[in-house]
Amino acid sequence: MSHIQLNINEVRPFLTEQPESLQKKVSEIHKVIHEKTGQGSDYLGWLDLPKTYDKEEYARVLAAAKKIRKQSQVLVVIGIGGSYLGSKAGLEFLSEPFKKGKLEIIFAGHHMSGKYLANLLEYLSNKKFSINVISKSGTTTEPAIAFRVLKRALEEKFGKEEAKERIYATTDKKRGALYTVAKQNGYEMFIIPDDVGGRYSVLTPVGLLPLSAAGINTKLMLKGAKDAMVRFSKPKLESNEAYLYAATRYLLYTSGKKIEMLVGYEPSLLYLNEWWKQLFGESEGKDHKGLFVASAGFSTDLHSLGQYIQEGERDLFETVIHVEDSGKDVLIPEESNDLDELNYLKGKPISYVNLQALKGTMMAHKDGLVPNILLTIPGFDPYTFGYMVYFFEKACAMSAYLIDVNPFNQPGVEAYKKNMFALLGKKGYEHILK
Ligand code: PA5
């Protein structure tokens, strides 16, 4: 049985063709994925990663995580896109709100706000900190600038020699500016395998080091991913929920639903949404094709986007994540005067109210012609996180191949960079402004 339950019953009435009718196509693509013969097949390393990951390097990751916890109060994780979203999603998914761990994890280099960086420098001025700088290409501008600034702050605080002991670089095994800087300065290095692209890299040291440093049991995460790998290794839609999800969203897309919203009813899911948007948006959105992926946190956004979802353009569908057991809970107390008229809920856990909100919203949205895919996960634990990461990765590869695009490149990301470099006066880009 799958650890993630997928329910598409609410979607079926919206479809003229059912996902099962795509079995032949899905089986063909499955072969293309596993035999590595499709577009971008050099980047399929994530497929077997939960089994084939470098065990020695993982032992080094765990040792470095321990060292970071010992040497620092704060770990600054520098990276953008696939080099930070997975670990941020994992941290949010697996941490208890308001509970401060022994080591604080702060992200930087995921935008170019001077205000943010200035405040971060101020915050770090009286703290012991370490840096994990992450960039597969080693040349991305946002993390490179943040690293230059934070490295300087670290060196001024601890001196060059001790700073070296506090910098961990996660990058390519032989290329890129970050590789060169790390090699020359003797920083401890972790490798992002050649055949694993940024948005598929959370189960490499990209995600494993920050998450292990935060005290998360990444062994369990890898175990979850490995079990998902086995579960989703066969093409049959009846037992491969990742493919059934991909086939369902494909049919919704081809029937005119151009927007998919991932929605959850727990704040701990908000960054999972961000990771998911990057995974699917960057993998599918090319050649003028692909679902536009959006997200919402309910019931919060039922008081903002809810109106649009219920009655706006009818070109969207939702994928709803339901967490069966969110862990801690609160019972609604009884009040003798019942002025707020809530005594009908006395003694009920808030999770019960949340579940009725989910059910009621799904009913309303279905009535409003917004189909709902339902994904149920058991709880907020590392095993489930790893399992879910692999589920979405496999579904994403199938989804992109179904619309015949390369799931593993991102040529469109270059457009803004070229213009920005030209405007900044970088050598070699002058022609763009002429
Ligand atoms: O998925 C991807 O490949 C991208 O989103 C990258 O992760 C992102 O652009 C950052 O690239 P890099 O790790 O090379 O700095």
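Above this note sits the structure.
Let me sum up the structure you'll find in this document. From a predicted model like this one, the values you see are computed outputs, not experimental measurements. (Residues numbered from 1 in each chain as written. Predicted model: local features only at pLDDT ≥ 70, side-chain atom pairs only at ≥ 80, totals over all residues. Heavy atoms only, no water.)

Here we look at the sheet that holds strand β3 (residues 104-108)
Next, step 1: With respect to topology, five strands assemble into an open sheet ordered β3-β2-β4-β5-β6, the strand pairing being parallel. Each of the sheet's edge strands pairs with one partner strand only, and the pair in question is β3 and β6 (188-191). Going from strand to strand, the sheet's axes swing by 20° on average, the running direction of each strand aside.
Next, step 2: Against the sheet, helix α7 (residues 177-185) touches β4 (129-135), β5 (167-171) and β6, its axis set at about 145° to β5. (Pairing = 2+ DSSP bridges. Helix = DSSP H or I, 4+ residues; strand = E, 2+ residues; numbered from the N terminus. Axes fitted to C-alpha atoms, helices over the stretch in contact; angles between N-to-C directions. Contact = heavy atoms within 4.5 Å.)

As for the sheet that holds strand β7 (residues 259-264)
Next, step 1: The strand order across the open sheet formed by five strands is β1-β10-β9-β7-β8, and the pairing between neighbours is mixed. Looking at the sheet topology across the chains shown, the edges are occupied by β1 (5-7) and β8 (292-297). Ignoring which end each strand starts from, the neighbouring axes of this sheet average 20° apart.
Next, step 2: Here β1 runs beside strand β10 (residues 372-379); their pairing, made up of three bridges, is antiparallel. Bridged to Asn7 within β10 is Leu374.
Next, step 3: Strand contacts of helix α13 (residues 350-367): β9 (316-325) and β10, with the helix running at about 160° to β9, the strand carrying the most contacts.

Considerations on the pairing of strand β2 (residues 74-78)
Next, step 1: Most of β2 sits out of view: five of its five residues are buried.
Next, step 2: Of the two faces of β2, both are covered, the one formed by Val74, Val76 and Ile78 as well as the one formed by Leu75 and Val77.
Next, step 3: One ladder, built from five bridges, connects β2 with β3; its direction is parallel. In the strand pairing of β3, Leu75 is matched with Ile105.
Next, step 4: In this structure, β2 lies alongside β4, joined through five bridges in parallel fashion. Paired with Val74 across the two strands is Phe129, which belongs to β4. (Buried < 20%, exposed > 50% of the residue type's maximum accessible area, 1.4 Å probe, protein only.)

What to know about the pattern of salt bridges
Next, step 1: Inspection of the entire model under this criterion finds 19 salt bridges.
Next, step 2: The residue Asp227 makes a salt bridge to Lys223 at a minimum N-O spacing of 3.0 Å. Placement of the pair is Asp227 and Lys223 together in helix α9 (residues 218-231), with a separation of four residues, close to one helical turn.
Next, step 3: Residue Asp227 is classed as partly exposed on the basis of its relative accessible area of 26%.
Next, step 4: With relative accessibility at 41%, the residue Lys223 sits in the partly exposed group.
Next, step 5: With a shortest N-O distance of 2.7 Å, Glu260 and Arg249 are connected by a salt bridge. Of the two residues, Glu260 sits in strand β7 while Arg249 sits in helix α10 (residues 241-254), which places them eleven residues apart along the sequence. Take Glu260 and Arg249: they sit in the same class, and that class is buried.
Next, step 6: Connected through shared salt-bridge partners, Asp172, Lys173, Arg175 and Asp194 make up one network. (Salt bridge = Lys/Arg side-chain N within 4 Å of Asp/Glu carboxyl O.)

A closer look at a positive patch on the surface
Next, step 1: Together, Lys66, Arg69, Lys70 and Lys102 line one region of the surface with positive charge.
Next, step 2: Relative to the assigned elements, Arg69 resides in helix α3 (residues 55-71).
Next, step 3: You can call Arg69 partly exposed: its relative accessible area is 30%. (Patch = residues over 30% accessible without salt bridge, like charges linked within 9 Å, V, L, I, M, F, W, Y side chains within 5 Å. Areas by Shrake-Rupley, 256 points an atom, 1.4 Å probe, with all protein chains shown as cover. Lys, Arg positive; Asp, Glu negative; His and termini not counted. Charge placed at Lys NZ, Arg CZ, Asp CG, Glu CD.)

Quick word on α7
Given 3.6 residues per turn, any residue in an α-helix points the same way as the ones three and four places further on.
Next, step 1: Within α7 the residues assigned to the buried category are Leu178, Tyr179 and Ala182. Take α7 and look down its axis: the buried residues cluster within an arc of 100°, on one side only.
Next, step 2: Just beyond α7, the residue with positive phi is Gly186, at close to 75°. (Arc of directions from axis to C-beta.)

Considerations on α10
Next, step 1: For α10, spanning 14 residues, the distance from its first C-alpha to its last is 20 Å, which sits close to the expected 20 Å at 1.5 Å a residue.
Next, step 2: Among the 14 residues of α10, 13 are classified as buried, and the element is accordingly described as predominantly covered.
Next, step 3: Two or three places before Ala242, at the opening of α10, Asn240 has a side-chain oxygen 3.1 Å from that residue's backbone nitrogen.
Next, step 4: Once α10 finishes, Gly256 follows within two positions and takes phi at roughly 105°, a positive value. (Expected span 1.5 Å × (residues − 1). Polar contact = N/O pair within 3.5 Å; in protein donor to acceptor, adjacent residues only side chain to side chain.)

Examining the packing of aromatic side chains
Next, step 1: Under the criterion given, the structure shown has 23 aromatic pairs.
Next, step 2: Considering the side-chain rings of Tyr53 and Tyr58, the 5.6 Å spacing of their centres and the 85° angle between planes classify their relative orientation as edge-to-face.
Next, step 3: The class of Tyr58 is buried, set by a relative accessible area of 7%.
Next, step 4: The interplanar angle of 70° and the centroid separation of 5.9 Å between the aromatic rings of Tyr245 and Phe392 together place this pair among those described as edge-to-face. Of this pair, Tyr245 sits in helix α10 while Phe392 sits in helix α14 (residues 382-402), placing them 147 residues apart in sequence.
Next, step 5: A relative accessible area of 0% means that Phe392 is categorised as buried.
Next, step 6: Taken together through their ring pairs, the aromatic side chains of Phe232, Tyr245, Trp275, Trp276, Phe280, Tyr383, Tyr387, Phe391 and Phe392 make up a single cluster.
Next, step 7: Above the face of the Tyr53 ring, Lys55 is positioned so that its terminal group lies 4.3 Å from the ring centre.
Next, step 8: The aromatic ring of Tyr123 is capped on one face by Lys127, whose charged end is 3.9 Å from the ring centroid. (Phe/Tyr/Trp six-rings, centres within 6.5 Å; stacked < 30°, edge-to-face > 60°. Lys NZ or Arg CZ within 6 Å of the ring centre and 35° of its normal.)

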